[in-house]
Amino acid sequence: MKTTRIEMEKDFDVENPVFIEGLAGIGHIGRNVVSYIADHTESEKVGEVYSHHFPPFAMVTDDKTVETIKNTIYQLKRDGKKDLVLLEGNAQASTPEGHHEVAEKVMEIVEDVEASQIVTVGGYGQGDVVEDPEVFGVTTSKEDQERYEDMGVTFDHDVGQIVGVSGLLLGIGEERGFEGVCVLGETPGFLLSDPKSTEEVLKVVEQIIDVDVDYSELDEKVNESQDILKKVQNLKQSESPEQDQNTGNTDLGYIG
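First things first, this report covers the structure right here in the doc. Quick caveat: nothing in here was measured; it's all calculated off a predicted structure.

It is worth spelling out the side chain of Ser166 at this point. Tracing the backbone shows Ser166 in helix α4 (residues 165–175). When sequence neighbours within four positions are dropped, the list of residues in contact with Ser166 reads Glu21, Thr120, Val121 and Cys182.

Structure (structure tokens):
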């Protein structure tokens with residue numbers, strides 16, 4: 001029995017939009033990028049995605065009220081530019097079956113709006129301090145890569161898999177004839193949220209979907225995160241080789 005549902009507040013009013021997805025994951029880069037765009041443009045909330053495959057808890061907000069885990073759908077209708085449909089959320093499925101079910105449900109949206117392109121956003125954890133994060137890319141077509149390289153995306157990387165909706169959506173989309181790209185912000189993997197990598201990815205996504213947002217709210221968070229990374233770097237440098245061997249460095253190079 002399928003347990004994932006879409007609840008629409010209003011019908012879509014877009015034409016062949018770019019569909020952009022960013023959900024919670026490593027460094028929360030995907031969710032941070034897409035939610036920032038939704039908050040700093042005239043994007044309109046049109047629906048939500050709910051699933052029994054999401055983690056079994058509710059979120060407590062800053063004002064100490066409860067909020068159900070969900071993914072939120074927005075649309076942005078534009079004159080002279082491609083319309084946008086955005087999906088952002090505070091959780092992904094917690095099982096392989098759930099990931100596939102949610103991805104298929106999201107693909108229903110992509111197909112219903114007859115999207116012209118799929119853009120998925122995530123993070124790539126390196127397991128160590130990343131001072132100058134790069135933006136890695138994966139495309140549905142080799143021919144498209146030069147265009148994205150001009151936007152600051154590098155395809156010289158060791159990414160071997162993209163876990164979750166960001167990967168499945170691109171893969172399913174490719175099978176069904178949709179053009180797509182996944183952009184991944186390089187991140188340490190141990191930061192709950194990585195504003196610096198978020199900013200670098202946002203600069204790329206701005207170009208892909210042709211938007212212009214104000215970065216001022218990100219700047220302070222970037223500075224705070226860089227201070228934390230410097231402290232971590234100093235701590236690691238102060239460790240002896242014996243301590244490093246005893247703790248055992250775990251490879252965090254994975255996608256989320």
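Here is a general trend for soluble globular proteins: nonpolar side chains tend to be buried in one another's company. Ile20, Val121, Val183, Val205, Ile208 and Ile209 are the most contacted members of the largest nonpolar core, which has 31 residues in total. Counting residues per element, the ones that place at least two in this core are β2 (18–23), α1 (29–39), β6 (71–76), β7 (84–89), β8 (117–125), β10 (180–187) and α5 (195–209). Here Ile20 is in contact with Val34, Ile37, Val85, Leu86, Leu87, Val119, Val121, Val205 and Ile209, once residues within four sequence places are set aside. Phe19, Leu87, Ile109 and Val113 belong to the second-largest nonpolar core, a separate cluster that totals 25 residues.

A few words now on the packing of helix α2 (residues 96–112) against α4. Geometrically, a packed helix pair is captured by the angle between its two axes and the distance between the axes. Where α2 contacts α4, the axes come no closer than 9 Å and their chain directions differ by 55°. Taken together, the axis directions place α2 and α4 in an arrangement best described as oblique. Relative to α4, α2 is oriented so that their crossing is right-handed. Facing His99, His100, Val102, Ala103, Glu104, Val106 and Met107 of α2, the residues of α4 in contact are Val165, Leu168, Leu169, Ile172 and Gly173. Its residues placed into classes, the contact of α2 with α4 shows 8 nonpolar, 3 polar and 1 charged.

Taken together, the side chains of Glu131, Asp132, Glu134, Asp156 and Asp158 define an acidic patch exposed on the protein surface. Structurally, Glu134 is set in the loop between β8 and β9 (135–139). A relative accessible area of 40% means that Glu134 is categorised as partly exposed.

Backbone hydrogen bonds are what pair the strands of a sheet, in a parallel or an antiparallel way. Strand order in this open sheet of 8 strands is β1-β3-β6-β7-β2-β8-β10-β9, and the pairing throughout is mixed. With partners counted over all chains shown, the strands left at the sheet margins are β1 (4–8) and β9, one partner each. Here the average twist between neighbouring strands, direction ignored, is 20°. Judged from the 6 bridges that link them, β6 and β7 form a sheet pairing that is antiparallel. Note that in β7 the partner of Leu76 across the bridge is Leu84. Its contacts with the sheet place α2 against β1, β2, β3 (44–51), β6, β7 and β8, and it is angled at close to 30° to β1.

This part covers unusual backbone geometry. The residue Asn16 is not glycine, and still its phi comes out positive at about 40°. Turning to its location among the elements, Asn16 is positioned in the loop between β1 and β2.

A word on the layout of surface pockets. Considered as a void within the structure, the second largest pocket measures approximately 300 Å³ in volume. Taken together, Arg31, Met59, Val60, Thr61, Asp62, Glu67, Lys70, Thr72, Glu88, Gly89 and Asn90 make up the full set of residues lining the second largest pocket. Mapped by element, the contributors of at least two residues to the lining of the second largest pocket are β4 (59–60) and β7. The class makeup of the residues in the lining of the second largest pocket is 2 nonpolar, 4 polar and 5 charged.

Each value, and the rule that gives it
- Residues numbered from 1 in each chain as written.
- Predicted model: local features only at pLDDT ≥ 70, side-chain atom pairs only at ≥ 80, totals over all residues.
- Heavy atoms only, no water.
- Helix = DSSP H or I, 4+ residues; strand = E, 2+ residues; numbered from the N terminus.
- Contact = heavy atoms within 4.5 Å.
- Core = buried A, V, L, I, M, F, W, Y, C linked by side-chain atoms within 4.5 Å.
- Buried < 20%, exposed > 50% of the residue type's maximum accessible area, 1.4 Å probe, protein only.
- Axes fitted to C-alpha atoms, helices over the stretch in contact; angles between N-to-C directions.
- Parallel < 35°, antiparallel > 145°, perpendicular 65-115°, else oblique.
- Left-handed = near helix turned anticlockwise from the far one by under 90°.
- Nonpolar A, V, L, I, M, F, W, Y, C, P; charged D, E, K, R; others polar.
- Patch = residues over 30% accessible without salt bridge, like charges linked within 9 Å, V, L, I, M, F, W, Y side chains within 5 Å.
- Areas by Shrake-Rupley, 256 points an atom, 1.4 Å probe, with all protein chains shown as cover.
- Salt bridge = Lys/Arg side-chain N within 4 Å of Asp/Glu carboxyl O.
- Lys, Arg positive; Asp, Glu negative; His and termini not counted.
- Charge placed at Lys NZ, Arg CZ, Asp CG, Glu CD.
- Pairing = 2+ DSSP bridges.
- 1 Å grid on protein atoms, 1.4 Å probe; cavity = no way out; pocket = protein on both sides within 12 Å on 5 of 7 lines; lining within 4 Å.
- Points joined across faces, edges and corners; volume = space filled by probe spheres on them.

Function-wise, these values are silent; they only describe arrangement.
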